[in-house]
Amino acid sequence: TARALQRLVSGLRGRPGVHELREVMASALGDPSLTIAYWIKDAERWVDADGCVVALAYPSSAQGRAVTLVRDDDGRPVAALVHDVALLEDPTLVDAVAHSMQAALASHRLDAEITASRTRSATAVEAERHRIERDLHDGAQQRLIALRMKLGVTERLLDQQPRRAM
């Protein structure tokens, strides 16, 4: 545990970014497959460092994976560490790393929340743009067809009954 925490503290120099934080924690725990999911309370979902939704299923030990929740001081979830089930043989190690990383994970959770919000906003803007394009295309096309039909009728009237066309 002491060596893992030493690697962790060493890796935290220079305030690592959200992706580097995962690498630091993976190195400290000796689990290169470690993943981190962040809890977005307003959206009530888990997201990864890029703000993409993560379906956080609690794997069984038969799958070789385990989930450790990192909670804030009020007991609310901040992040979830998905790691090798073998780490549960020394639960104090995972707990010590998770507790030590609580502040960094909370900070990165905010970054992930902002990224997720930007992604949702960009998706909503894109959907609205497509809707407006469809409305403009369909509406303008219908008006042009109606105008063309009226012009055709007016043209025939001018040829056949010029007084009526006026």
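Further up the page is the structure itself.
K.L.:
How do you make sense of the pattern of salt bridges when you look at a structure like this?
P.N.:
Two side chains of opposite charge can pair, provided their charged atoms sit close to one another. Within the structure shown, the criterion is met by 8 salt bridges. Asp135 is the partner of Arg131 in a salt bridge, and the nearest nitrogen-oxygen pair spans 2.5 Å. Residue Arg131 and its partner Asp135 are both found in helix H4 (residues 102–160); the two are separated by 4 residues, about one turn of the helix. Judged by its relative accessible area of 34%, Arg131 falls in the partly exposed class. Here the salt bridges do not stand alone but share partners, grouping Asp72, Asp74 and Arg76 into one network.

K.L.:
How should I be thinking about the side chain of Thr68 in this particular structure?
P.N.:
Its location among the elements puts Thr68 in strand E4 (residues 65–71). A polar contact is formed between the side chain of Thr68 and the side chain of His83, at a distance of 2.6 Å. Excluding its chain neighbours within four sequence positions, the residues that come into contact with Thr68 are Ala79, Ala80, Leu81, His83, Val94 and Asp95.

K.L.:
Is there a simple way to think about the sheet that holds strand E5 (residues 77–84) in this case?
P.N.:
Sheet strands pair via backbone hydrogen bonds, and the direction of the pair is either parallel or antiparallel. The strand order across the open sheet formed by 5 strands is E3-E2-E1-E5-E4, and the pairing between neighbours is antiparallel. In this open sheet, the two strands that pair with only one neighbour each are strand E3 (53–54) and E4. Lying over the sheet, helix H2 (residues 18–29) contacts strand E1 (35–40) and E5, oriented at roughly 130° with respect to E1.

K.L.:
I tried to follow H2 on my own but got confused; where do I start?
P.N.:
Working note: α-helix, 3.6 residues per turn, so residues spaced by three or four point in the same direction. Helix length check: H2, at 12 residues, gives a terminal C-alpha distance of 17 Å against a target of 16 Å (1.5 Å per residue), a fit within 8%. Residues Val18, Leu21, Val24, Met25, Ala26, Ala28 and Leu29 constitute the buried set of H2. Immediately downstream of H2, the backbone of Gly30 shows phi near 70°, a positive value.

Cut-off values and rules
Residues numbered from 1 in each chain as written. Predicted model: local features only at pLDDT ≥ 70, side-chain atom pairs only at ≥ 80, totals over all residues. Heavy atoms only, no water. Salt bridge = Lys/Arg side-chain N within 4 Å of Asp/Glu carboxyl O. Helix = DSSP H or I, 4+ residues; strand = E, 2+ residues; numbered from the N terminus. Buried < 20%, exposed > 50% of the residue type's maximum accessible area, 1.4 Å probe, protein only. Polar contact = N/O pair within 3.5 Å; in protein donor to acceptor, adjacent residues only side chain to side chain. Contact = heavy atoms within 4.5 Å. Pairing = 2+ DSSP bridges. Axes fitted to C-alpha atoms, helices over the stretch in contact; angles between N-to-C directions. Expected span 1.5 Å × (residues − 1).

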